[in-house]
Amino acid sequence: HFLPTANYVMTFIFTVIFLALDFWTVKNVTGRKLVGLRWWNDIREDGTSEWIFECIEDDSVIDATDRNAFWLGLYVWPLIWALF
């Protein structure tokens, strides 16, 4: 039995899952490995949240090609996606 809405729902679910995986990968893996950036939200004892941002102290350990590829992909890919 084919329902047009069933296909839409599955497409939506897979899109959300893949977007979450993409965000996690960029935030936790490529951001740390390619440019030395890391961030997270820490919940304090009183229930308030604090955003913690870390960056690598010595930029010389980061390869310029990796750094450029990370930032280029981060900014250019959404522009290409929006145009097409």
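Look up a bit, the structure's there.
Residues numbered from 1 in each chain as written. Predicted model: local features only at pLDDT ≥ 70, side-chain atom pairs only at ≥ 80, totals over all residues. Heavy atoms only, no water.

Chemist: How would you sum up the overall build of the protein? Please name residues and give values.
Modeler: Broken down by element type, the protein carries 2 helices and 2 strands. Counting from the amino terminus, the protein carries its helices and strands in the arrangement α-β-β-α. Against the 2.2 N^0.38 benchmark of 12 Å for 84 residues, the protein shows a C-alpha radius of gyration of 18 Å, more extended than a compact globule. In the protein, which comprises 84 residues, the proportion classed as buried is 8%. The contacts in the protein between residues at least 6 apart in sequence include a share of 31% that link residues at least 24 apart. Looking at the protein, you have 6 positive and 11 negative side-chain charges, and the mean spots of the two groups are 4 Å apart. (Helix = DSSP H or I, 4+ residues; strand = E, 2+ residues; numbered from the N terminus. Rg over C-alpha atoms; globule rule 2.2 N^0.38 Å. Buried < 20%, exposed > 50% of the residue type's maximum accessible area, 1.4 Å probe, protein only. Contact = heavy atoms within 4.5 Å. Lys, Arg positive; Asp, Glu negative; His and termini not counted. Charge placed at Lys NZ, Arg CZ, Asp CG, Glu CD.)

Chemist: Can you tell me about the environment of L74, naming the residues and giving the values?
Modeler: When you line up the elements, L74 lands in helix α2 (residues 64-83). Between the alpha carbons of L74 and F14 there is a distance of 22 Å; along the sequence they are 60 residues apart.

Chemist: Outline α2, listing residues and values.
Modeler: Spanning 20 residues, α2 covers 28 Å between terminal C-alpha atoms, matching the ideal 28 Å at 1.5 Å per step. When the local axis directions of α2 are compared, the greatest deviation, roughly 30 degrees, occurs at G73. (Expected span 1.5 Å × (residues − 1). Bend = angle between axes of the 7 residues up to and from the residue.)

Chemist: Got a sec to walk through the pairing of strand β2 (residues 49-55)? Specific residues and values, please.
Modeler: The side chains of a regular strand alternate, residue by residue, between the two faces of the sheet. As judged from the 7 bridges shared by strand β1 (residues 37-43) and β2, these two strands associate in the antiparallel manner. The residue of β2 that forms the bridge with L37 is C55. Taking the residues between adjacent antiparallel strands as the criterion, β1 and β2 are bridged by 5 residues, where G47 takes a positive phi near 95 degrees. (Pairing = 2+ DSSP bridges.)

Chemist: Please provide a residue-by-residue account of a nonpolar patch on the surface, values included.
Modeler: A contiguous nonpolar patch, built from L37, W71, L72, L74, Y75, V76, W77, I80, W81, L83 and F84 and spanning about 1,300 Å² of accessible area, is present on the exposed surface. The dominant element in the nonpolar patch, judged by the number of residues it contributes, is α2, at 9 residues. Residue placement: L83 occurs in helix α2. (Patch = residues over 30% accessible without salt bridge, like charges linked within 9 Å, V, L, I, M, F, W, Y side chains within 5 Å. Areas by Shrake-Rupley, 256 points an atom, 1.4 Å probe, with all protein chains shown as cover. Salt bridge = Lys/Arg side-chain N within 4 Å of Asp/Glu carboxyl O.)

Remember that the coordinates give geometry; whether it matters functionally is a separate question.
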